[in-house]
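The lines below spell out each chain.
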Amino acid sequence: MINESVISKLKFDDKGLIPAVVQDFYTGEVLTVAYMNSESLKITLEEKMTCFFSRSRQELWRKGETSGNRQHVVSIAADCDCDALVVKVIKDGPACHTGKNSCFFEALYADEDKSEFSMDGLYELILGRKQEMPEGSYTTYLFAKGLEKILKKVGEESSEVLIGAMKNSKEETIYEISDLAYHVLVLMVEMGISVDDIRKELASRHVIDKKVKQETMK
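Residues numbered from 1 in each chain as written. Predicted model: local features only at pLDDT ≥ 70, side-chain atom pairs only at ≥ 80, totals over all residues. Heavy atoms only, no water.

1. Side note on the nonpolar core
Now for step 1: Judged by nonpolar contacts, the single largest core of 16 residues is most densely connected at Y123, I126, F143, I150, L185 and V186.
Now for step 2: Elements with a contribution of two residues or more to this core: α3 (119–132), α4 (138–145), α5 (147–166) and α6 (170–191).
Now for step 3: Those residues in contact with L185 that sit more than four places away from it in its chain are M119, L122, Y123, I126 and V195.
Now for step 4: Listed in part, the 15 residues of the second largest apolar core include A20, A34, L41 and V87. (Core = buried A, V, L, I, M, F, W, Y, C linked by side-chain atoms within 4.5 Å. Buried < 20%, exposed > 50% of the residue type's maximum accessible area, 1.4 Å probe, protein only. Helix = DSSP H or I, 4+ residues; strand = E, 2+ residues; numbered from the N terminus. Contact = heavy atoms within 4.5 Å.)

2. A short note on helix α2 (residues 38–47)
Each α-helix turn comprises 3.6 residues. Residues three or four places apart therefore point the same way.
Now for step 1: Here α2 has its buried residues at S40, L41, I43 and T44. The arc enclosing the buried residues of α2, seen along the axis, measures out at 160°, which places them on a common side. α2 presents S38, K42 and E46 as exposed residues on the side facing more than 90 degrees away from its buried surface.
Now for step 2: The backbone nitrogen of E39 has a side-chain oxygen 3.2 Å away, supplied by the residue at the start of α2, namely N37.
Now for step 3: Once α2 ends, the next one or two residues include K48, with phi positive near 60°. (Arc of directions from axis to C-beta. Polar contact = N/O pair within 3.5 Å; in protein donor to acceptor, adjacent residues only side chain to side chain.)

3. Quick word on the sheet that holds strand β5 (residues 71–78)
Now for step 1: The sheet built from 4 strands is open, its strands ordered β2-β1-β6-β5 with mixed pairing. One side of each edge strand has no neighbouring strand; the edge strands of this open sheet are β2 (30–36) and β5. The average angle at which neighbouring strand axes cross in this sheet is 25°, direction not considered.
Now for step 2: Those strands touched by α2 are β2, β5 and β6 (85–91), and its axis lies near 120° from that of β5. (Pairing = 2+ DSSP bridges. Axes fitted to C-alpha atoms, helices over the stretch in contact; angles between N-to-C directions.)

4. A closer look at the packing of α4 against α6
Now for step 1: Across the interface, α4 lies against α6 with an axial gap of 11 Å and an inter-helix angle of 50°. Taken as axis vectors, α4 and α6 run oblique relative to one another. Classified by chirality, the crossing of α6 by α4 is right-handed. Touching Y138, T139, L142 and F143 of α4 are Y182, H183, V186, V189 and E190, all from α6.
Now for step 2: Taken together, the residues of the contact of α4 with α6 sort by class into 6 nonpolar, 2 polar and 1 charged. (Parallel < 35°, antiparallel > 145°, perpendicular 65-115°, else oblique. Left-handed = near helix turned anticlockwise from the far one by under 90°. Nonpolar A, V, L, I, M, F, W, Y, C, P; charged D, E, K, R; others polar.)

5. Here we look at the pattern of salt bridges
Now for step 1: Following the criterion strictly, the structure yields 11 salt bridges and no others.
Now for step 2: Notably, a salt bridge pairs E47 with R62, separated by 3.0 Å at the nearest N-O pair. Of this pair, E47 sits in helix α2 while R62 sits in strand β4 (residues 59–62), placing them 15 residues apart in sequence.
Now for step 3: Given the relative accessible area of 40%, E47 is considered partly exposed.
Now for step 4: Across the salt bridge formed by E201 and R205, the nearest N and O atoms sit 3.0 Å from each other. Separated by 4 residues within a single helix, E201 and R205 lie in helix α7 (residues 195–216), roughly one turn from each other.
Now for step 5: Overall, R205 belongs to the partly exposed group, its relative accessible area being 48%. (Salt bridge = Lys/Arg side-chain N within 4 Å of Asp/Glu carboxyl O.)

6. Remarks on the environment of K200
Now for step 1: Looking at the secondary structure, you find K200 in helix α7.
Now for step 2: Taking the C-alpha atoms as reference points, K200 and K91, separated by 109 residues in sequence, lie 9.9 Å from one another.
Now for step 3: Among residues more than four places away in sequence, those in contact with K200 are Y26, I90, K91 and D92.
Now for step 4: Separated by 3.2 Å, the side chain of K200 and the backbone oxygen of K91 make a polar contact.

7. Regarding α5
Now for step 1: Its 20 residues place the ends of α5 29 Å apart at the C-alpha level, agreeing with the 28 Å of an ideal helix rising 1.5 Å per residue.
Now for step 2: If you follow the buried residues of α5, they end up packed against α4 and α6.
Now for step 3: Following α5 by one or two positions, N168 has its phi on the positive side, about 60°. (Expected span 1.5 Å × (residues − 1).)

Shown next, in the form of structure tokens:
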């Protein structure tokens, strides 16, 4: 539902622009910061695809128009002053023209006592191993051995999960599920399956489940 009253309160700057922070709907990761004018915002709302205003080219541009990396809009929210937007999207591909998932990859500072973990980050690390194949890496070893070896490890780790669960050992099951998750990610990289591919598949099932639930409640 489009909130017309909020749109009417938006404060565009003296050039008619408003900053838009684009976030991944699934992960919350900031993908990019771009600008919209009233026309590009209208197009975004109508087409449910991000459309921005390029300050360098002084023209409208639909994200993914040439690259195919479109961004499907899930929600748009304004801040308390109504002079900035947060746009949550489901993306078809990398957000950055460099091919990176996000435009924010140039690290300036990181607290060494705190490390951020994510499945996306682990996937990227494994992908890097496949591309660089550094010596002495277990991941390199798996890729060097090929698909058959990777599948064998996935099977072995699946069995270990079952054994841990049969023992009713939460600690052992967590440990074995972690091993399985890692080897499944290796398999995904080997087969060219992204984390987003899995998210989209699960999201499609979630939508179906919601529809079934609504129909059964009638």
